[in-house]
Amino acid sequence: SGDLRFEDVHFAYVPERPILRGVTFEVPSGKTVAIVGPSGAGKSTLSRLLFRFYEPQSGRITIDGQDIADVTQKSLRAAIGMVPQDTVLFNDTIGYNVRYGRWEASEEEVHKAAALAQIDVFIKSLPEGYETSVGERGLKLSGGEKQRVAIARTILKGPPILVLDEATSALDSFTEKDIQDALERISRGRTTLVIAHRLSTVINADEIIVLDKGVIAERGPHAELLARD
Ligand code: ADP
Ligand code: ADP
């Protein structure tokens, strides 16, 4: 399960300026598709529509054949996990941040997810800028460590669909490689939509779609497009 489709999706934030002009693609269950393209192409708009922050003017988005317009926000959120460009941490422990959205998870499950994401040593700490009632200061986590918190949260949540929206773009190239490996592990067997502005930063994708000015300009297997990049 987790087959995701965009079918002839048209969208404009303001009527006189179309952003998506008939976008059709499928992320088959368990596969990875990457959307690449220049800044302003409409890539993040796709994920905003998927989370129903906005509705398409025409066309539809389906998960396992069901129009997401007919799915409750709650089940949509349960079905899709997201690792954003920058992870903003809440004013509570790293463990709380991992548990966020899956409150019923046991201590053991939280620990296991944190260990897989390699942040279990931080689990009782607060993020930077916060302090406990007894004056204990929060930890300054690096960009990569914050992405690991988002990764642990996703591992715990275990959604069938994963959206990686420029998930490594804020990192230095050494950390980027490290986080890419972790993302690749969690995307395995999950329907994954990767959003990136450079093809070279895309993890192993089954298909690459080049979006330009709201239309699909090119599509094909990873290696084929990379050879022409
Ligand atoms: P990308 O992710 O490919 O860089 P986006 O999907 O973020 O592109 O944005 C596509 C276009 O939509 C951009 O020109 C952007 O300025 C515009 N845009 C994004 N959000 C809004 C908004 N809330 N209102 C109006 N225009 C927007
Ligand atoms: P909630 O408890 O609000 O339902 P979840 O953690 O279950 O939150 O899932 C909602 C996810 O949507 C969050 O991880 C959040 O970061 C993500 N999200 C926030 N902004 C965007 C965006 N622009 N596009 C896609 N997803 C987003």
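The structure displayed is predicted, hence computed values, not measured ones.

Caption draft 1: Just the site of ligand 1, in detail. In the vicinity of ligand 1 lie 13 residues, with Arg17, Gly40, Lys43, Ser44 and Thr45 positioned nearest. At 3.5 Å, a side-chain N or O of Tyr54 approaches a nitrogen atom of ligand 1. When ligand 1 is considered free in solution it has 570 Å² of accessible area, and contact with the protein chains removes 67% of it. Elements supplying a minimum of two residues to the shell around ligand 1: strand S2 (17–27) and helix H1 (43–50). When residues of the shell around ligand 1 are assigned to their parent elements, the largest contribution, four residues, is made by H1. Residues of the shell around ligand 1, tallied by class, amount to five nonpolar, five polar and three charged.

Caption draft 2: Expanded view of the confidence of the model for the protein chain. The pLDDT averaged across the protein chain works out to 92; a share of 98% of its residues lies at or above 70. ipTM for the predicted complex: 0.69, alongside a pTM of 0.87.

Caption draft 3: Inspection of the packing of aromatic side chains at higher detail. Applying the stated criterion to the full structure yields eight aromatic pairs. Seen from their ring centres, Phe51 and Phe53 are 6.0 Å apart, and the 20° between their planes marks the pair as stacked. Phe51 sits in the buried class, given a relative accessible area of 8%. For the pair Tyr100 and Trp103, a centre-to-centre distance of 5.5 Å together with 85° between the ring planes defines the contact as edge-to-face. Take Tyr100: its relative accessible area is 35%, and that puts it in the partly exposed class.

Caption draft 4: Examining the pattern of salt bridges more closely. If you walk through the whole model with that rule in mind, you get twelve salt bridges. Lys177 serves as the salt-bridge partner of Asp181, at 2.9 Å between the closest nitrogen and oxygen. In this pair, Asp181 and Lys177 are both assigned in helix H6 (residues 173–187), four residues apart and thus about one turn of the helix distant. With relative accessibility at 49%, the residue Lys177 sits in the partly exposed group. In this structure, the salt-bridge partner of Glu207 is Arg219, at a minimum N-O distance of 3.2 Å.

Caption draft 5: How the structure looks around the sheet that holds strand S3 (residues 32–36). With respect to topology, six strands assemble into an open sheet ordered S6-S7-S8-S3-S9-S10, the strand pairing being mixed. Where the open sheet ends on each side, the last strands, each with one partner, are strand S6 (80–83) and strand S10 (215–220). Strand-to-strand, the axes of this sheet are offset by a mean angle of 20°, without reference to chain direction. Sheet topology places strand S7 (residues 161–165) next to strand S8 (residues 191–196); five bridges connect them, and they run parallel. For Ile161, the partnering residue across the bridge sits in S8 and is Thr191. Across the sheet, helix H5 (residues 143–157) is in contact with S6 and S7; its angle to S6 comes to roughly 170°. Across the sheet, H6 lies against S3, S6, S7 and S8, angled at about 160° from S7, the strand it touches most.

Caption draft 6: Quick look at the sheet that holds strand S5 (residues 66–67). Pairing is antiparallel across the open sheet formed by four strands, whose spatial order is S2-S1-S4-S5. Pairing within the sheet leaves two strands with one partner each, and these edge strands are S2 and S5. The pairing of strand S1 (residues 4–14) with strand S4 (residues 58–63) spans five bridges and is classified as antiparallel. Paired with His10 across the two strands is Ser58, which belongs to S4. Running over the sheet, H1 touches S1, S2 and S4 and is turned about 105° from S1.

Caption draft 7: Just unusual backbone geometry, in detail. Notably, Asp8 is not glycine yet its phi reads approximately 45°, a positive angle. Its place among the elements puts Asp8 in strand S1. Positive phi outside glycine occurs at Glu166, with the angle close to 50°. Topologically, Glu166 is positioned in the loop between S7 and H6.

Caption draft 8: Representation of the site of ligand 2. The environment of ligand 2 is formed by Ser47, Arg48, Phe51, Phe53, Arg77, Met82, Tyr100 and Lys157. At a separation of 3.4 Å, a nitrogen atom of ligand 2 approaches a polar side-chain atom of Ser47. Lys157 places a polar side-chain atom, nitrogen or oxygen, 3.3 Å from an oxygen atom of ligand 2. When ligand 2 sits alone it has 560 Å² of accessible area, and the protein chains cover 67% of it. Along the lines of polarity and charge, the residues of the shell around ligand 2 split into four nonpolar, one polar and three charged.

So, how was this worked out
- Residues numbered from 1 in each chain as written.
- Chains lettered and ligands numbered in written order.
- Predicted model: local features only at pLDDT ≥ 70, side-chain atom pairs only at ≥ 80, totals over all residues.
- Heavy atoms only, no water.
- Near = heavy atom within 4 Å.
- Polar contact = N/O pair within 3.5 Å; in protein donor to acceptor, adjacent residues only side chain to side chain.
- Areas by Shrake-Rupley, 256 points an atom, 1.4 Å probe, with all protein chains shown as cover.
- Helix = DSSP H or I, 4+ residues; strand = E, 2+ residues; numbered from the N terminus.
- Nonpolar A, V, L, I, M, F, W, Y, C, P; charged D, E, K, R; others polar.
- pLDDT = per-residue confidence, 0-100.
- Phe/Tyr/Trp six-rings, centres within 6.5 Å; stacked < 30°, edge-to-face > 60°.
- Buried < 20%, exposed > 50% of the residue type's maximum accessible area, 1.4 Å probe, protein only.
- Salt bridge = Lys/Arg side-chain N within 4 Å of Asp/Glu carboxyl O.
- Pairing = 2+ DSSP bridges.
- Axes fitted to C-alpha atoms, helices over the stretch in contact; angles between N-to-C directions.
- Contact = heavy atoms within 4.5 Å.

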